Amino acid sequence: MMKRLLFCCLLSVCLLPLRGQADSSLSARIDRLVRETLPEGSEAGVCVYDLTAGKPLYAYRAEKLSRPASTMKLLTAITALARPDADEPFRTEVWYDGAIANDTLRGDLYVVGGFDPEFGEEAMDSLVARTASLPFTVVTGRVYGDVSMKDSLYWGNGWAWDDNPAAYQPYLSPLMFCKGAVELRVSSGQTGDTAVVSCRPASSYYTVVNLTRSRTPSAGEFAYSRDWLSNGNRVVVSGNVEGTRKGAVNLYGSSEFFMHAFVERLRSRGIAVSPDYAFAELPSDSLPSDSLSPSPRRIACWETPVRDVLKQLMKESDNLNAEAMLCRIGARATGKKHISAKEGIAEIEKLIRRLGRDPKGYKIADGCGLSNYNYLSPALLVEFLKFAYAKPDIYRGLREALPVAGVDGTLEHRMKDTPARGNVRAKTGSFTAINALAGYVRAMNGHDLAFAIMNQNILSAARARAFQDKVCVLLRTYGKK
């Protein structure tokens, strides 16, 4: 009996260093975080890959299907960057159809949309100025908007109707002006006075109802909205205003908003043209036969570099930019003029197949992650990150666009006072009860790591982010001597 006890004691002593070594390993430490940090009712999937060593580093339910939220944007961006025409800019053009004589355009103007999500006031003023510089001040025909690039579905499949009128859910169109939204700035005055409301861009397309009171708590909580249930553009601002408040709402009818602003500004430049714009496709005989012989009927063009669109897409998690990129992927891949989201999704699925996975094992419904129907896995996200890392041109563009922990974008306020600051570049994703993070970490041993963390069924976004941040710190300190 004494021999048996002595043997057990010796065995325990021998195992102590091994157990201590296991507890200090990366896997054991992440496992402990999963056990001790996350609520019991929540779920998580984690996948980590050492890109420098070319080997898997950690996996916890890595193949579990989860709703990706905005980490879906990684698939859209990487697919777009993988195309040979990745650097072709987004274009918005103005054409005329008819003849110019005696200060009069006897014909029509066409504004052809290319789904530029960054088309703002500078771009609008440029197109208007260029058009107004031509030798006519009268247009006998009409001004048409050509939105034939895309189908008429203005929201993605599975988007929530009651997210309207939030600016992050715009009405999608090949003609977008200031992201199809109006920005509000509300400044308080003397106690009891109505606050000052300023809007950008200024336009008669919408109206503003100011029901605010300055420094008057009895006026109720500050709020803003519009009559979205009736598809109206009556913006209502109400409640108590202390100091300066900001906000933004989408406007119903992005195409109409664009065309209204174009015609409105054209008329303000002295061009006599009917305010009754319409929508029609540019006649095919107005198009250039080849790039070497451009038609003289194109009179203005605004180009936005893809890198500008990608930077906003990633740094600020811009849904409009992601959907514009998805639409562009489909248009470039098929060569078709009339496309829908499905053509872009088909190209993402082709890349999934190229990575050795079956696209039928996942569900992709949009390009930005707003849809409730999207289902991906941490392992799939890491596969896309591995693919991008192996292609210098793709990786360079993606790395520059991703938010940097503690520095900018959606990670500006995360991991600030940790070793991960400046060493994590990743895409965030948040939705009701969903939170995700996926990207790259530079470990202390000099290795580059790709990772994906997908938290599901977690009502506290703060707890999910805390878990993700702690994992990133562990990855950063990986290999520390």
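Structure first, text after, so check above.
My aim in this report is to walk through the structure given alongside it, one point at a time.

Strands sit in the order β8-β7-β12 across an open sheet of three strands; the sheet is antiparallel. In this open sheet, the two edge strands, each paired with only one partner strand, are β8 (196-200) and β12 (244-250). The sheet shows a mean angle of 20° between the axes of neighbouring strands, direction not considered. Two elements, strand β7 (residues 181-187) and β8, share five bridges in a ladder whose sense is antiparallel. For Arg185, the partnering residue across the bridge sits in β8 and is Ser198.

Our next topic: the sheet that holds strand β17 (residues 448-456). The strand order across the open sheet formed by five strands is β2-β1-β17-β16-β15, and the pairing between neighbours is antiparallel. Only two strands of the sheet have a single neighbouring strand rather than two, namely β2 (55-60) and β15 (424-431). Pairwise comparison of adjacent strand axes, ignoring direction, gives a mean angle of 5° for this sheet. Packing against the sheet, helix α11 (residues 461-476) makes contact with β1 (43-50), β15, β16 (434-442) and β17, and its axis sits at approximately 15° to β16.

Per the stated rule, a full pass over the model turns up 24 salt bridges. Linking Glu121 and Arg200 is a salt bridge whose minimum nitrogen-to-oxygen distance equals 3.1 Å. Taken as a pair, Glu121 in helix α4 (residues 121-132) and Arg200 in strand β8 lie far apart in primary sequence, 79 residues in all. Its salt-bridge partner being Lys336, residue Glu343 comes within 3.0 Å of it at the nearest N-O pair.

Evaluated as defined, the whole model comprises 16 aromatic pairs. Consider the rings of Phe119 and Phe258, whose centres lie 5.0 Å apart with planes at 40°: the pair is tilted. Linking Phe119 in the loop between β4 (104-112) and α4 with Phe258 in helix α5 (residues 254-268), this pair joins segments that are 139 residues apart in sequence. By relative accessible area, which is 1% here, Phe119 ends up buried. Judged by its relative accessible area of 1%, Phe258 falls in the buried class. Grouping aromatic residues by their ring pairs yields a cluster made of Phe119, Phe177, Tyr205, Phe257 and Phe258. Residue placement shows Arg328 over the ring face of Phe90; its charged tip is 4.9 Å from the ring centre. Taking NZ or CZ as reference, Lys386 lies 4.0 Å from the ring centre of Tyr49, over its face.

A separate point is the environment of Leu385. Structurally, Leu385 is set in helix α9 (residues 378-389). Those residues within four positions of Leu385 in sequence are excluded, and the remaining contacts are Leu74, Ile78, Leu398, Ala438, Gly439, Tyr440, Ala450 and Phe451.

This part takes up empty space enclosed by the protein. Within the structure shown, the criterion is met by one cavity of 30 Å³ or more. Estimated volume of the largest cavity: approximately 60 Å³. Counting only elements with at least two residues in the lining of the largest cavity, the list comes to α3 (72-81) and α7 (319-334). Here the lining of the largest cavity gets four residues from one element, more than from any other, and that element is α7. For the lining of the largest cavity, the residue count by class is six nonpolar, no polar and four charged.

What counts, and at which threshold
- Residues numbered from 1 in each chain as written.
- Predicted model: local features only at pLDDT ≥ 70, side-chain atom pairs only at ≥ 80, totals over all residues.
- Heavy atoms only, no water.
- Pairing = 2+ DSSP bridges.
- Helix = DSSP H or I, 4+ residues; strand = E, 2+ residues; numbered from the N terminus.
- Axes fitted to C-alpha atoms, helices over the stretch in contact; angles between N-to-C directions.
- Contact = heavy atoms within 4.5 Å.
- Salt bridge = Lys/Arg side-chain N within 4 Å of Asp/Glu carboxyl O.
- Phe/Tyr/Trp six-rings, centres within 6.5 Å; stacked < 30°, edge-to-face > 60°.
- Buried < 20%, exposed > 50% of the residue type's maximum accessible area, 1.4 Å probe, protein only.
- Lys NZ or Arg CZ within 6 Å of the ring centre and 35° of its normal.
- 1 Å grid on protein atoms, 1.4 Å probe; cavity = no way out; pocket = protein on both sides within 12 Å on 5 of 7 lines; lining within 4 Å.
- Points joined across faces, edges and corners; volume = space filled by probe spheres on them.
- Nonpolar A, V, L, I, M, F, W, Y, C, P; charged D, E, K, R; others polar.

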